[in-house]
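# Descriptive structure summary
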Amino acid sequence: MRWLYTILYTFGFVLLSPVFLYKMWKRGKYRANFFQRFGRYDPAVRARLASKKSPRIWMQAVSVGEVNLALLLIQTLQRTFTNHHIVLTTTTSTGYALARDRLPADVELLYFPQDFPWTVNRAYDLIQPDFIILMEAELWPNFVWEAGRRRLPVFLVNARMSPRSARRYQRVAGLARRLFAPVTLIGAQSTDDANNFLALGLPPGRVQLTGNMKYDASLPAVAGAKPDFRDLPLPTDRPILVAGSTHPGEEEILFDLLAQLPDLFLVLVPRHVERTPEILELAKRKQIPVALRKNGKPVDAPRCLLVNTTGELRWFYETATVIFVGKSLVGEGGQNIVEAAASGHPVVFGPNMQNFKAITAEFIAAGAGIQVADANGLHREIADLLANAKRRERVAEAARQVIAANVGATDRTVALIRSALPG
């Protein structure tokens, strides 16, 4: 099974590598430590990790969202496992950049290895972990199987499994059973996620409901330093719509909304900053004056601030009158509405929230968020919220109550890890 998977993975890697390399090039900062992805480390890294003086925890977080949760989890782990050294790996250059800026100095940061047996083995030999923590859905077969071969405990935390992913695993039931066999414990975000894991035949004791750490990450106490927004053209006498993590197709909808609501100011935060040129071109066609967050020329009477930086979204949410969370009208999966709602402003999102199904259901049931079906619904709800301050406060207060009722997943996760470890 392992050799067959490796052959297929190698074939897919070769076939798709031009696409991945192009995306990495567009997103920038891909050159630094690039070969860590293939188990090649510079002498300074090898020297720091060669002499193992204390137990080590290897954490893997794919990109920006998972890194934010990992940063929160690291704080609790360091209070609980006081004599352990933590090594964090991440997959994307954006996740790496965020982690590099915000990690404690005593945490080592590396790129996650590609899932070839030889690459994975080099990473294991360097890091020498005593146990492994994987964030959300990050299971790579060769990586997990090597952990099993080395008899290392593996914890999948804040774990999610959509019905779509569950169906895919069911189609390859034999591979799924072998993939999950080395996993010591799964801390599921929701009851639905837990049931989807159990449907694969996992023993009930290995799947625990811990809740979603995104609620913990939304608390003000875990925020980093607030950026300086004093020189930005953010109006104080006009309503502000902050659109976070937008995807292609959504910017056009938002620019059309500006045309319908002439007093509205838009703060636009695309999910991928490398899309800045195409968004500027779209704004030019729509005749929307746009200022840039960073390295932009002065713009007379801008209607939109385009945020071409990463890691600042939660602070821009605080400037909002109303918030729209992207990848929900166009695209699939949605983005984190908890972080947006924690700012104290009402949140609107589209129908495509597959990756946040449980959170979305709870928000809607409590009146803590507003889901719309299409662009017309978005325009209608934004206009109504802007005209109705009492409704904005009702929605925001309901969200505060939902968040307060759901915090604690991080502490529960670390407690389960501690109880599952030998000794």
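No experiment lies behind these values; they were computed from the predicted model shown. (Residues numbered from 1 in each chain as written. Predicted model: local features only at pLDDT ≥ 70, side-chain atom pairs only at ≥ 80, totals over all residues. Heavy atoms only, no water.)

Our focus in this paragraph is the environment of serine 63. Checked against the element boundaries, serine 63 lands in the loop between β1 (56-61) and α3 (64-80). For serine 63, a relative accessible area of 10% puts it in the buried group. Considering only alpha carbons, one finds serine 63 and alanine 217, 154 residues apart in sequence, at a separation of 15 Å. Sequence-distant contacts of serine 63, defined by excluding residues within four places in its chain, comprise Thr90, Thr92, Thr94, Gly95 and Arg271. (Helix = DSSP H or I, 4+ residues; strand = E, 2+ residues; numbered from the N terminus. Buried < 20%, exposed > 50% of the residue type's maximum accessible area, 1.4 Å probe, protein only. Contact = heavy atoms within 4.5 Å.)

Within the secondary structure layout, asparagine 158 lies in strand β5 (residues 154-159). The class for asparagine 158 is buried, based on a relative accessible area of 0%. At 2.7 Å, the side chain of asparagine 158 and the backbone nitrogen of methionine 213 are in polar contact. Discounting residues that sit within four places of it in the chain, asparagine 158 has contacts with Leu69, Glu136, Gly187, Gln189, Gly211, Asn212, Met213 and Lys214. (Polar contact = N/O pair within 3.5 Å; in protein donor to acceptor, adjacent residues only side chain to side chain.)

What follows is about the pairing of strand β4 (residues 131-135). Burial analysis of β4 places five of its five residues in the buried class, which makes it a mostly covered element. Covered by surrounding structure in β4 are Phe131, Ile133 and Met135 together with Ile132 and Leu134, the residues of both alternating faces. Sheet analysis places β1 next to β4, joined by four bridges and oriented parallel. Bridge assignment links tryptophan 58 to a residue of β4, and that residue is isoleucine 132. One ladder, built from four bridges, connects β4 with β5; its direction is parallel. In the strand pairing of β5, leucine 134 is matched with leucine 156. Handedness of the crossover joining β4 and β5 through helix α6 (residues 141-149): right-handed. (Pairing = 2+ DSSP bridges. Right-handed = clockwise from strand over helix to strand, strands pointing away.)

What is shown is where atoms sit, not what they do.
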